[in-house]
Amino acid sequence: MSRIGVFTCWCGENIARTVDVDEVAKRVAELPGVRCSLNYKYMCSDPGQAIVREKIATEKLDGVVVASCSPHMHLKTFRKAAQAAGLNPYLVEMANIREQCSWVHHDRVQATAKAFEIIRLSVEKARNDAALQPIRVPVTRRALVIGGGVAGIQAALDIADAGHEVVMVEREPSIGGKMAGLSETFPTLDCSQCILTPRMVEVGQHPRIKLYSYSEVEKVEGFVGNFRITIRQKARYVDVSKCTGCGECWIICPLKRNPSEFDYGMGMRPAIYIPFPQAVPARPVIDKSQCAKLIRNGCGLCEKKCKAEAINFKDEDRLVEEAVGAVVVATGYKLYSIAKSQPKATLAGYGEYGYGKYKDVIDSLQFERLVSASGPTGGVLKRPSDGAIPKSVVFISCVGSRDNAKGLPYCSKICCMYTAKHTMLYKHKVHDGQAHVFYMDIRAGGKGYDEFVRRAIEQDGAQYYRGRVSKITQEGGKLVVRGADTLAGMPVTIEADLVVLAAAMRPADGIEELAQKLNIGCDEFGFLLESHPKLRPVETNTAGIFIAGACHSPKDIPEAVAQASAAASKVQVMLAADELTREPEIAAINEQTCAACFTCIRTCPYHAIDRAELRTPRGAFIKNTARVNPGLCMGCGTCVSVCPSKSADLQGFTDQQVYAMVESLA
Amino acid sequence: MNIGYYPGCALHGSSNDCEQSLRACLSALDVQLGEIKDWICCGATAAHSLNHKLSLALPARNLAVAERDGFKQLFAPCPLCSMQLLKAKKAVADERVRKELSEIVEADVRGESEVLNLIQLFEKIGVDRLKPAVKAPLESITAACYYGCLLTRPPDVVHFDDFEQPSSMESIVAALGAKTVEWNYKTECCGAGMTMCNEDIVLELAHKILSNAAEHGANCLVVACPMCHVNLDMKQAAVERRFGKKLGMVVYYLSDLVGLALGLSAEQLGINRHFVTQA
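About the cut-offs
- Residues numbered from 1 in each chain as written.
- Chains lettered and ligands numbered in written order.
- Predicted model: local features only at pLDDT ≥ 70, side-chain atom pairs only at ≥ 80, totals over all residues.
- Helix = DSSP H or I, 4+ residues; strand = E, 2+ residues; numbered from the N terminus.
- Buried ≥ 20, exposed ≤ 12 C-beta atoms within 10 Å, placed from the backbone.
- Contact = placed C-beta atoms within 7 Å.
- Domains from an automatic or database assignment.
- Axes fitted to C-alpha atoms, helices over the stretch in contact; angles between N-to-C directions.
- Parallel < 35°, antiparallel > 145°, perpendicular 65-115°, else oblique.
- Left-handed = near helix turned anticlockwise from the far one by under 90°.
- Nonpolar A, V, L, I, M, F, W, Y, C, P; charged D, E, K, R; others polar.
- Pairing = 2+ DSSP bridges.
- Right-handed = clockwise from strand over helix to strand, strands pointing away.
- Core = buried A, V, L, I, M, F, W, Y, C linked by C-beta atoms within 7 Å.

## Quick word on the overall build of chain A
Argument step 1. A count of helices and strands for chain A gives 18 helices and 34 strands.
Argument step 2. In terms of overall dimensions, chain A has a C-alpha envelope of 90 × 75 × 40 Å along the principal axes.
Argument step 3. With 666 residues in all, chain A has 45% of them scored as buried.
Argument step 4. Taking as baseline every contact in chain A between residues at least 6 positions apart, the subset at least 24 positions apart corresponds to 69%.

Rendered as C-alpha cells:
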C-alpha cells in the first residue's frame, strides 16, 4: 500500500481546540506512503465525505485514514463513503484523536504530538490492510422463543404474524407464565387473565407457531441464522394428540392434596392436573413424584376412566431437534426466597419476618392468587391459617430488594406499584379492612403510575409508613408487626391478620445453565446481559440471540411486552432475507501451517472453531486442521493469542499490522 | 479441658453470682477455667463509642495475653466482651491492622484463639457429655430461653446461630430434661444499656420480655448474658411495682440450670443470691 489519503477532522472545536490540525496534517503528509493529507472542519458532514470520495478518485488512493472520533461513531460512515468512491471499505482506518486525545488532554503541544503519533500508527495499519469481503451466511427463516410468559407470547405472535415460523418452548405444562396467575393489573385494574388468555389461545392456534409445553432446551448448536436446538419434551404421561381435555382424569384422581405450583401453595391440585382451567394446551400432565401408579403401580383410575385412551404410564422424555435462525430468550423471573435458607451463599434471608413459620405471612404472588377470581378461594380473600377474612393487612415492600445485607442491591421496580394495587384490591374486597404499607421510597415512574399510588392512599385509604419492619411475631392469633415510621420519628406496632411481603425479583431458575448453552452473558445476579444498555437493549453479545422481559431485569407487563416486540422486530429483520451479511473482521486459520493441536478450539469462547480435514481435490487425506466457522466467530482474537504455531490471525487486525504499528512507534 | 477465661468487669463485680455459678458447674464437669493474667477492659463501653482504634486495641491486648498464655480457647461470659474480642479478631485478619495493633499493645496479636460465649462453652463441652452427667433432670422447669440483643449480633462479627430465630440454648436446656417454649422476645433488647439513664424504657422492655415469656407458658427465664440477668432479675420488683402485677419470674444463668441438673445445690450455684427466687 502506498497511496494513502489522510483526512484529519476538527470536529468543530472538539479536536481543533487542543490539537493543531494544520500542523498535524502537514507532518502527516511527510509520512511514507501518504499520498495526500487534508483537514476539514466536519469530516463526517456531506461536504467532508465528498472530499474523501473525490480524493479517492482523483488521487487513486488505495487506503484511507480518517483522523477524527471513535470508530464506534463513524467508521461505518467513512466505509460507506469509500465504497461509494469504488474503494474496498475495509481499506478505511480510523485514528481516534478525539476521545483518546483532544478530549482528555489540555496541553496543545503535547496533544498535537500525540495526535500525530496516533495517525502515524493508523497509516502503518492502513498500509498493511487487505481488501475484505463481507461474510454471507444462509438463514433458516424460523425463530425459537424460550419461555411462554407474556414476553414470549408477544414475541412469538409478532414474529409469526410477520410470516415466519416460530418454535416456542415452555417448561411448565401451560404457557401464560406469571401473568396468568395475577389478579388485576396496574394502573388500570384490568383483569390479567382477561387480557392474557386470548393471546395464549392465539399462540395455541397459530398455524405458524409450534408449541412445546412441558419442555426444556437441552442443547444449542450452530450459529446465527443456523441454530440447531435440541428440545427435551418431559414425560407428560398423557398423549396430547389423543387427549380431549375433558377433565374426567383429574376429577377421578384420588390424590387431590398436592400443593398447586400455579397457586404457589395456596391451593391444592390432583396428581394428574392442568395448572388452571384456561391452560394452553388444555391438556393435563401427571406429576410423577405424586402419582400412585407411577410410584408403586397402584391406582390407575385415570387410565380406566379416560375414554380417549390418552393416558400412557410408560411415557418417557423425548428429545427433538429443531432448526432455527434466531432465538428470543424470555424466561422471566421468580421471587427471592424470603425465609432463612437460601440457594446461594451470597444471599441471606429474613428470619425476622417469620415467612415459612407463620402461615399468614405470605409473598405477593401468593396474595395475587388469594384475590384472583380464578384463585383457590374463588376471589374471596381468606387468610391461609384459618380462612378468616383479614381485617388488617400489612404490606412490606423492598423485601430483599435494595438490601445489600441480603445480597440484592437492585430495585425490583414493580413492587411499589403492585403493592399499591394490592391495597386497592384488598379495600375493594374487604370494605371495613385497613391496609398498611411499609416502604422505603415510592417509585412510581410511568404513565398513570403516580396517580395510581395517590389513589390507593387518598381514595382507598391505605396507610403508608416510610420505614422498615424490624420483626414480626405472633400473639394470640394476630401477627404483631413492629416497624419504624421514620417520617413521624416513631416506632409503629400494628396487629395484623395477614402480612404480604413484596419479595425481590430474581431471574428464573436455571438461567445460568441456559445462558451457558446459548453462550450469552449474565450479570452477578443472573439477569441476562444486553449487548449495549442504551443502543442494543434486546441484543446479546452472541449474534442471533435476543432477550425480552424479566430475564433481563425486573420489569412490569408493559415494559416486558414492549421489549418483546422490539426483540421480535430484530428477529424479523434477520429473517427478512435468505442470507445475512456479517463483518469480515474475524479469525482465519492458515490450514497449511496449523499443527492441529486444537488449543484454539478449547479456548474459543464462542465455540466457533471446529476440527476439519484437509484433503486433495481427489479426496485423499492430507492433514487435520482447525477451521473457523465464519457464522459464529466474533473476532475476539483469543485463538490468535493462544496458537503456538502462529497459524491463527484476525483479518483486518493481522499480527503483521499490529507489529508494523508497534515498530513505527520506535 | 482447660479454657482461657476472660471475666471482664461484670463477672468480678455485679455479676459475681454468675462467676460462682460457672465455677461450680464447670468444676463438676471437669473443665478448668484459667483466668488470663493482667486482663484489661474489653472496650465495650466508652471506648466503643469514642475511639475506634482504642476499641480495637483494648480487646486485641486481651487476645494477645490469652495467646501468650497458650489458650486455644478464650471464654468471655459477657456478650459485650466476646463481641469486642471477635471484632478485634476480625480486624487483625488484615495484616496491616494486625501489625499496627501489635505495636500499640506491645504484644504480638495473632487473633488465633477461638472466642466462646456462654452458650458456645456448653456447646463445646457437648450435649453428649452433658446428658449422661445429668443427675436430677429438670422436669419441673419450662424455660423461655432469652438470648438478648448481643449474643447473636452483629451477625457478620459473631457468626453465632440464627440471629433472628436462634435455637442453640434450647438444645442445651432440652438435654437437661427441661422443657422450652416458643416465644417472641428471644432476641429483643432488655434495655440494660439504659439502666442508669432512662429507667422508664428499661422497665417497659423488661416488662414485655417477662410477661411474654409467662404468656407462652414459661415458669422461668434462662439467660446467657450477665447484663440481661441484672436487668431482668434485679429490676423485676420495679417492673412489678410499675405495672402493678406479680411476675415472680426466676431468671437463671444457663450455667445455673446445668448445675442444678448435675445435682448441685442452689447455694453452691449462687441462685439464692438472685433477687427473684423460687417462691
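## Overview of the overall build of chain B
Argument step 1. Tallying secondary structure elements over chain B gives 15 helices and eight strands in all.
Argument step 2. C-alpha extents for chain B along the principal axes are approximately 55 × 45 × 30 Å.
Argument step 3. Of all 279 residues assigned to chain B, the portion counted as buried reaches 52%.

## What about the domain arrangement of chain B?
All names here are of chain B.
Argument step 1. Split into domains, chain B comes out as domain 1 (2-116) and domain 2 (127-273).
Argument step 2. With centres defined by C-alpha atoms, the gap from domain 1 to domain 2 works out at 24 Å.
Argument step 3. Contacts between the two partners involve 21 residues from domain 1, matched on the other side by 22 residues from domain 2.
Argument step 4. Of all the elements, helix α2 (residues 16-28) adds the most residues to the side of domain 1 that touches domain 2, at eight residues.

## Concerning the packing of α2 of chain B against helix α14 (residues 254-261) of chain B
Residues and elements named next belong to chain B.
Argument step 1. At a closest axis distance of 9 Å, the pairing of α2 and α14 adopts a crossing angle of 40 degrees. Taken as axis vectors, α2 and α14 run oblique relative to one another. The two elements α2 and α14 cross, and the hand of that crossing is left-handed. Touching Ser21, Leu22, Ala24, Cys25 and Ala28 of α2 are Ser255, Asp256, Val258 and Gly259, all from α14.
Argument step 2. When grouped by side-chain class, the residues that make up the contact of α2 with α14 number five nonpolar, three polar and one charged.

## Some details on the pairing of strand β22 (residues 434-439) of chain A
Residue and element names in this part refer to chain A.
Argument step 1. A large share of β22 lies buried, amounting to five of its six residues.
Argument step 2. Alignment of strand β21 (residues 392-399) against β22, held across five bridges, turns out to be parallel. The residue bridging Phe395 from the neighbouring strand is Val437, located in β22.
Argument step 3. Assessed by its sense of winding, the connection that carries the chain from β21 through helix α12 (residues 415-429) to β22 is right-handed.
Argument step 4. Relative to strand β23 (residues 463-466), β22 runs parallel, the two sharing four bridges. Bridge pairing links His436 to Gln463 in β23.
Argument step 5. Once you follow β22 into helix α13 (residues 449-458) and on to β23, the crossover reads as right-handed.

## Some points on the sheet that holds strand β4 (residues 114-116) of chain B
Residues and elements named next belong to chain B.
Argument step 1. Read from one edge of the open sheet, four strands run β2-β1-β3-β4, paired in parallel fashion. Of all the strands in the sheet, just β2 (32-35) and β4 have a single pairing partner and so form its edges. For this sheet the average axis-to-axis angle between neighbouring strands, irrespective of direction, equals 40 degrees.
Argument step 2. One ladder, built from four bridges, connects strand β1 (residues 2-5) with β2; its direction is parallel. Considered in β2, the bridge of Asn2 is made with Gln32.

## Notes on the environment of Pro554 of chain A
Residues and elements named next belong to chain A.
Argument step 1. With respect to the helices and strands, Pro554 occurs in the loop between β29 (545-547) and α15 (557-575).
Argument step 2. For Pro554, a count of 20 C-beta atoms within 10 Å gives the class buried.
Argument step 3. As for Pro554 and Pro89, which are separated by 465 residues in sequence, their C-alpha atoms are 41 Å apart.
Argument step 4. Excluding its chain neighbours within four sequence positions, the residues that come into contact with Pro554 are Tyr333, Ser412, Lys413, Ile414 and Met505.

## Focus: the nonpolar core
Argument step 1. If you look at the biggest cluster of nonpolar residues, it comprises 138 residues, and the most contacted ones within it are Ala155, Ala156, Val327, Val328, Val499, Leu501 and Ala548 of chain A.
Argument step 2. Looking at which element gives the most residues to this core, the answer is α15 of chain A, with nine residues.
Argument step 3. If sequence neighbours within four positions are ignored, Leu501 of chain A has contacts with Ile338, Tyr353, Tyr355, Val361, Asp363, Ser364, Ile396 and Val399 of chain A.
Argument step 4. Of all hydrophobic cores here, the second largest spans 97 residues; its members include Cys42, Leu86, Val105 and Tyr146 of chain B.

## A word on the domain arrangement of chain A
Argument step 1. Assigned domains within chain A: domain 1 (4-127), domain 2 (336-506) and domain 3 (587-650).
Argument step 2. For domain 2 of chain A and domain 3 of chain A, the distance between their C-alpha centroids amounts to 57 Å.

## Let's talk about the packing of helix α5 (residues 108-127) of chain A against helix α18 (residues 655-665) of chain A
Residues and elements named next belong to chain A.
Argument step 1. Orientation of α5 relative to α18, taken along the N-to-C sense of each, is 145 degrees, at an axis distance of 8 Å. Considering the relative orientation of α5 and α18, their crossing is right-handed. Residue-level contacts link Arg120, Leu121, Glu124 and Lys125 of α5 to Gln657, Ala660, Met661, Ser664 and Leu665 of α18.
Argument step 2. Of the residues that constitute the contact of α5 with α18, the class distribution is four nonpolar, two polar and three charged.

## Comments concerning the environment of Val64 of chain A
Argument step 1. Looking at the secondary structure, you find Val64 of chain A in strand β3 (residues 63-68).
Argument step 2. Put simply, Val64 of chain A and Pro89 of chain A are 25 residues apart on the chain and 9.2 Å apart in space, counted from C-alpha to C-alpha.

## Observations regarding the sheet that holds β22 of chain A
Residues and elements named next belong to chain A.
Argument step 1. Overall, parallel pairing links the five strands, which are arranged β20-β27-β21-β22-β23 in an open sheet. The open sheet is flanked by β20 (361-363) and β23, the only strands paired with a single partner. Taken over all neighbouring pairs, the strand axes of this sheet differ in orientation by 20 degrees on average, direction set aside.
Argument step 2. Bridge count for β20 against strand β27 (residues 498-503) is three bridges, and the pairing is parallel. What sits directly across from Ile362, in β27, is Val500.

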